[in-house]
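# Structural overview
Spelled out, the chains give:
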Amino acid sequence: MRENRLSWYAHRLGRMTPTELGWRTLDQARRQAWVRYRSRPLLPREPVPFQEPTFTALLPPGTATKVPAGLREELLGAADGLLKGRFEVLGVARADLDEPDWFYDPVSGRRAPEQTYAFRIDYRSEAVAGNVKQVWELSRLQHLGLLSAAFFVSGREVYAEQVARQLRSWWASNPFLSGIHWTSGIELAERLVTWVWVRRLLASWPGAPGLFEKNETARRQVYWHQRYLAAFQARGSSANNHVIAEAVGQFVAGSAFDWFAESGRWRRRAGNLFERELERNTFPSGLDREQASDYHGFVTELALLAVAEGELGGDPFPEPTLERLAAMLDAAAAVLDARGRPPRQGDGDDGRGVLLDPPTVDRWASLLAAGAEIVGRAAWWPEEPPSVMSVLVGGLVKATRQVARRPGPRPSHFGDAGLTILRSGPGGRLPEIWCRCDGGPHGYLSLSAHAHADALSVELRHGGVDVLADPGTYCYHGERAWRGYFRSTLAHNTIELGGEDQSIAGGPFLWLSAARSEVVGVVYDAEGRPVSWEAWHDGYERLRPSALHHRRVDLDDRRREVRITDRVESDAGHRLRMAFHLGEAVQDELDGARAHLSWNTGAGRAEATLDLPGELRWTRHRGETEPVLGWYSPRFGVKEPSTTLVGEGRCGGAARPLETVLTFRP
């Protein structure tokens, strides 16, 4: 294990520039120096001595009445469950959240360090911290946002009182720099956003001032969180969604909790950082550079919260930032399938900027509804009902900031991100055929932390039902074999050569080499919809002899057919495995090189035939563990057996292209 840790550190250092090494050396020195603040914590300085701080970042009167009645009842039902301790956290059904243990990991059964100096905790070690993602997640305290929203729409003090009990418990259990919850800046930033929204939603509760601005413990926690973020920033190879979250947390808190002499400076610095990093983290098309659909939603939600807070505080962001946010929302709306489901590309951990809606509300529908309140909607967006988040976040702005230059027709090809959606024509009597084709960059920055080895993979749905599925993510920490599988080449609908991944991993959030992909052709029909896509990647150039994988995907709407043509360019043959992962609802019968597929649509049965390349030997796998194969993760922390069809053979040299045809029965 020690050898693995040393290897990881060596690989991690190798992904840094000399400038970043300098930054991190200074950060490390500061972390060691800050140990003195455990015994003598930094004390906040009020901008006006002897003047009590106040909270004025409030929602306008009548906002609560705009939440639809049915949604209100769903929210109260979820809040009542929380009062009894019941809530799902990253796939784990918890029943202990009435009095949480803030350091307990329900996956491993371990408790993370509570008293240790934060910067001396090896949080990457499961033996030390358990499944740290589980431990961190609960202490984002986002479930208290839901309870506060329930109070806001109902006035029932039992929700506010439970929020107060848990906040006081958390503050008492987590003194400055002690324990696992001071080890990661993004976690502090997420808490700050939640605390602002909790205070805002509890405004009519008589105990709110005594819980926050008149509570010295609360003020110190708010100050310490912001001082930490001002000192330690995600930079260099780590400046992905983390730096966006940190900037948003500091901006939101600096705007609403303007209680300190540094508040104005922190707010301005965070706002400038947010503007700069939002542009860096997203393509001009609006898609997120991390090549991870779930993180696109996360960053877009954070951006909405920042823009809304700026509008409320009279500190609006400039037009280019609004335009980039609108592009992100347009991209999110454009890639949804007929049921409003996004792609499942790359990592996803169901991260939220703030939790205000009950679990029954679709996250992407809520995101678009909130976005329409802030920057307006394009004419082709799907119609989305109001959500709790859209009503409350929209309530912060006096008027929608209409952004010009929105795309006219719905985009389907995002050239800068290498993502193309082939879909059948709208408005027909037959279910939509939706196919995501991946020919973009491996990921963002030198780590590509949330990328998968999935170049040229496809994801295909029929009427919003996964037929050829992206298996998802499942986990980050602690379960190395599962983390390795879910982001491997074999876990995606593409080709593996030589028994190796296209890109080489050096750790759970680190890649040592990355396949380079290029889209070489997109063909459009008379209505301007992409119907054919072609790309290649060079991830196997390292093999001897080297190999290039070419793939073409054609959608024939009239014949209800998708044809996938694969060609491996190499001077000699290589061992090949081609995988197709069937959706969790799909039943199959494999007969040689043909699979008969069927699934329930809710209104009957749908059927399709998958004709596989006859040059390969096809086998069926489901729920296997040695090695791992045939699994699907519907959401983070959950895995379920699913069917994977694997074809094995040789390729390259004079081998003919491999053709796969999926035909849907009308």
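Below you will find a few notes about this structure. Residue positions are counted from 1 within each chain, in the order its sequence is given. Only residues with pLDDT of at least 70 get local features here, since the model is predicted, and only at 80 or more are side-chain atom pairs given and counted; chain-wide, interface and lining totals rely on the full set of residues. Excluded from the side-chain calculation are hydrogens and water; included are all heavy atoms of the structure.

### Quick word on the overall build of the protein chain
Counting secondary structure elements, the protein chain contains 17 helices and 25 strands. In summary, the protein chain has a C-alpha radius of gyration of 25 Å against a globular reference of 26 Å for 666 residues, a match within 12%. The principal-axis extents of the C-alpha atoms in the protein chain amount to approximately 85 × 55 × 45 Å. The buried share of the protein chain, taken over its 666 residues, is 59%. Residue contacts are defined here by distance: any two heavy atoms, one from each residue, within 4.5 Å place the two residues in contact. Of all intrachain contacts in the protein chain linking residues separated by at least 6 positions in sequence, the fraction that spans at least 24 positions is 72%. Only DSSP runs of H or I covering at least 4 residues are called helices, and only runs of E covering at least 2 are called strands; the numbering of each starts at the N terminus. For a compact globule the rule gives 2.2 Å times the number of residues to the power 0.38, and the radius of gyration it is set against comes from C-alpha atoms. The buried label goes to any residue with under 20% of its type's maximum accessible area, the exposed label to any with over 50%, and the partly exposed label to all in between, with areas taken from a 1.4 Å probe on protein chains only.

### Considerations on the pairing of strand S9 (residues 504–507)
Moving residue by residue along a regular strand, the side chains alternate between the two faces of the sheet. A pair of strands is considered paired only if DSSP assigns at least 2 bridges between the two. Two strands pair when backbone bridges link them, and S9 and strand S10 (residues 510–513) are joined in this way by three bridges, in the antiparallel orientation. Following the sheet pairing, Gly 507 is matched in S10 by Leu 510.

### A few points about the sheet that holds strand S7 (residues 465–468)
Consider a sheet: its strands pair through backbone hydrogen bonds, and that pairing is either parallel or antiparallel. Taking strand neighbours across the sheet as the criterion, the five strands line up as S3-S4-S5-S6-S7 in an open arrangement whose pairing is antiparallel. Strands with a single pairing partner mark the edges of an open sheet, and in this sheet they are strand S3 (413–414) and S7. With two bridges connecting them, S3 and strand S4 (residues 419–423) associate as antiparallel partners. Looking across to S4, one finds that Phe 414 is bridged to Leu 419.

### Quick notes on the packing of aromatic side chains
Classification of ring pairs rests on two measures: the distance between centres of Phe, Tyr or Trp rings, Trp counted by its six-membered ring, which must be within 6.5 Å, and the angle between planes, read as stacked under 30 degrees, edge-to-face over 60 and tilted in between. Going through the model one piece at a time under the given rule, you end up with 32 aromatic pairs. With 5.6 Å between their ring centres and 90° between their planes, Tyr 117 and Phe 119 make a pair best called edge-to-face. Its relative accessible area of 2% is what places Tyr 117 among the buried residues. The class of Phe 119 is buried, set by a relative accessible area of 13%. The interplanar angle of 70° and the centroid separation of 6.0 Å between the aromatic rings of Tyr 474 and Trp 482 together place this pair among those described as edge-to-face.

### Side note on the pattern of salt bridges
We count a salt bridge whenever a side-chain nitrogen from Lys or Arg sits within 4 Å of a carboxyl oxygen from Asp or Glu. A full pass over the atoms with the stated rule returns 51 salt bridges. A salt bridge links Asp 538 to Arg 516, with the shortest nitrogen-to-oxygen separation between them at 3.3 Å. Of the two residues, Asp 538 sits in the loop between strand S12 (530–537) and strand S13 (547–556) while Arg 516 sits in the loop between S10 and strand S11 (517–524), which places them 22 residues apart along the sequence. Its relative accessible area of 11% is what places Asp 538 among the buried residues. Residue classification places Arg 516 among the partly exposed positions, given a relative accessible area of 48%. Note that Arg 529 and Glu 527 form a salt bridge whose closest N and O atoms lie 3.7 Å from each other.

### Brief notes about the packing of helix H3 (residues 69–83) against helix H6 (residues 142–154)
The axes of two packed helices give the description: the angle between them and the distance between them. Under this scheme, a helix contributes an axis fitted over its contacting stretch, all axes are lines through C-alpha atoms, and angles between N-to-C directions fall in the 0 to 180 degree range. Between H3 and H6, whose axes approach to 9 Å, the crossing angle comes to 130°. Comparing the axis directions of H3 and H6 gives the class oblique. For the crossing formed where H3 meets H6, the hand is left-handed. Listed contacts from H6 to Arg 72, Leu 75, Leu 76, Ala 78, Ala 79, Leu 82 and Leu 83 of H3 are His 143, Leu 146, Leu 147, Ala 149, Ala 150, Val 153 and Ser 154. Oblique is the label for any angle not covered by the other classes, which are roughly parallel (under 35 degrees), roughly antiparallel (over 145) and roughly perpendicular (65 to 115). By definition, any crossing whose near helix is turned counterclockwise from its far helix by less than a right angle is left-handed, and any crossing with a clockwise turn is right-handed.

### Observations regarding the pairing of strand S17 (residues 594–600)
For strand S16 (residues 587–591) and S17, the ladder comprises five bridges, and the chain directions are antiparallel. Residue Glu 589 lies in a different strand from S17, and its bridge partner there is His 596. Hairpin connection, S16 to S17: the antiparallel pair is bridged by two residues, and Gly 592 has positive phi, about 65°. Where S17 lies against strand S18 (residues 605–611), seven bridges are found, and the strand directions are antiparallel. Bridge assignment links His 596 to a residue of S18, and that residue is Thr 609. Taking the residues that link successive antiparallel strands as the turn, the S17-S18 hairpin has four residues, and the phi of Gly 602 there is positive, at about 95°.

### Points about the sheet that holds S17
A sheet is described by the order of its strands in space; here eight strands give the open sequence S11-S12-S13-S14-S25-S18-S17-S16, paired in antiparallel fashion. Both edges of this open sheet fall to S11 and S16, since each of them pairs with a single strand only. Each strand of the sheet is rotated relative to its neighbour by a mean of 15°, with strand direction disregarded.

### Observations concerning the side chain of Gln 291
The residue Gln 291 is located in the loop between helix H12 (263–281) and helix H13 (293–312) in this model. N or O atoms within 3.5 Å of each other form a polar contact, as long as, within protein, one can give a hydrogen and the other can take it, and as long as residues adjacent in sequence are counted only when both atoms are side-chain atoms. A distance of 3.0 Å separates the side chain of Gln 291 from the backbone oxygen of Pro 441, its partner in a polar contact. Apart from the residues lying within four places of it in its own chain, the contact partners of Gln 291 are Phe 283, Gln 345, Gly 346, Ala 417, Gly 440, Pro 441, His 442 and Gly 443.

### Describing the packing of H13 against helix H14 (residues 319–334)
One way to put it is that H13 packs onto H14 with a least axis distance of 10 Å and a crossing angle of 140°. The two elements H13 and H14 meet at a crossing, and its hand is left-handed. Facing His 296, Val 299, Thr 300, Ala 303, Leu 304 and Val 307 of H13, the residues of H14 in contact are Leu 322, Leu 325, Met 328, Leu 329, Ala 331 and Ala 332. Class assignment of the residues belonging to the contact of H13 with H14 gives a composition of 10 nonpolar, two polar and no charged. The nonpolar class holds Ala, Val, Leu, Ile, Met, Phe, Trp, Tyr, Cys and Pro. Asp, Glu, Lys and Arg form the charged class, and all remaining residues, Gly among them, are polar.

### Here we look at the nonpolar core
Take the buried Ala, Val, Leu, Ile, Met, Phe, Trp, Tyr and Cys residues and link them wherever side-chain atoms come within 4.5 Å; each set so joined is a nonpolar core. By size, the foremost hydrophobic cluster in this structure holds 143 residues, and its most contacted members are Leu 167, Trp 195 and Trp 197. Not counting the four nearest positions on each side in its chain, Leu 167 is found in contact with Leu 141, Leu 144, Trp 195, Val 198, Leu 211 and Phe 212. In terms of nonpolar packing, the next biggest core, distinct from the first, is built from 41 residues, Ile 433, Ala 535, Ile 564 and Leu 616 among them.

### Some words on the environment of Tyr 117
Its location among the elements puts Tyr 117 in the loop between strand S2 (92–94) and helix H4 (126–129). Counting along the chain gives 82 residues from Tyr 117 to Val 35, while the straight-line C-alpha distance between them is 7.1 Å. Ignoring sequence-local partners within four residues, the contact set of Tyr 117 consists of Arg 31, Trp 34, Val 35, Arg 38 and Leu 177.

### Remarks on the side chain of Arg 191
Counting through the fold element by element, Arg 191 comes out in helix H8 (residues 185–201). Asp and Glu are treated as the negative residues and Lys and Arg as the positive ones, with His and the ends of the chain left uncounted. Buried within the structure, Arg 191 lacks any salt-bridge partner; its nearest side chain of opposite charge belongs to Glu 187, at an N-O separation of 5.4 Å. Those residues in contact with Arg 191 that lie beyond four places of it in its chain are Ser 139, Arg 140, Leu 141, Trp 170, His 181 and His 225.

### Topic: helix H15 (residues 363–375)
Multiplying one less than the number of residues by 1.5 Å gives the expected span of a helix. Between its terminal C-alpha atoms H15 stretches 18 Å, which fits the 18 Å expected from 13 residues at 1.5 Å a residue. The element H15 is extensively covered by neighbouring structure, given that 11 of its 13 residues are classed as buried. When we look at burial in H15, the residues that qualify are Arg 363, Trp 364, Ala 365, Ser 366, Leu 367, Leu 368, Ala 369, Ala 370, Gly 371, Ile 374 and Val 375. Where H15 is buried, its residues contact H13, H14 and helix H16 (388–394). Sitting at the head of H15, Asp 362 places a side-chain oxygen 3.1 Å from the backbone nitrogen of Trp 364. Positioned one or two residues after H15, Gly 376 has a phi angle of 85°, which is positive.

### Details of a positive patch on the surface
A patch consists of residues exposed above 30% relative accessible area that lack any salt bridge, with like charges linked at up to 9 Å and nonpolar side chains (Val, Leu, Ile, Met, Phe, Trp, Tyr) linked at up to 5 Å. Here, Shrake-Rupley sampling with a 1.4 Å probe gives the accessible areas, and only protein chains in the shown set may cover a residue. One atom stands in for each charge, and that atom is NZ of Lys, CZ of Arg, CG of Asp or CD of Glu. On the surface, Arg 265, Arg 268, Arg 269 and Arg 276 cluster together to form a positively charged patch. Secondary-structure assignment places Arg 268 in helix H12. Among the residues examined, Arg 268 registers a relative accessible area of 51% and is labelled exposed.

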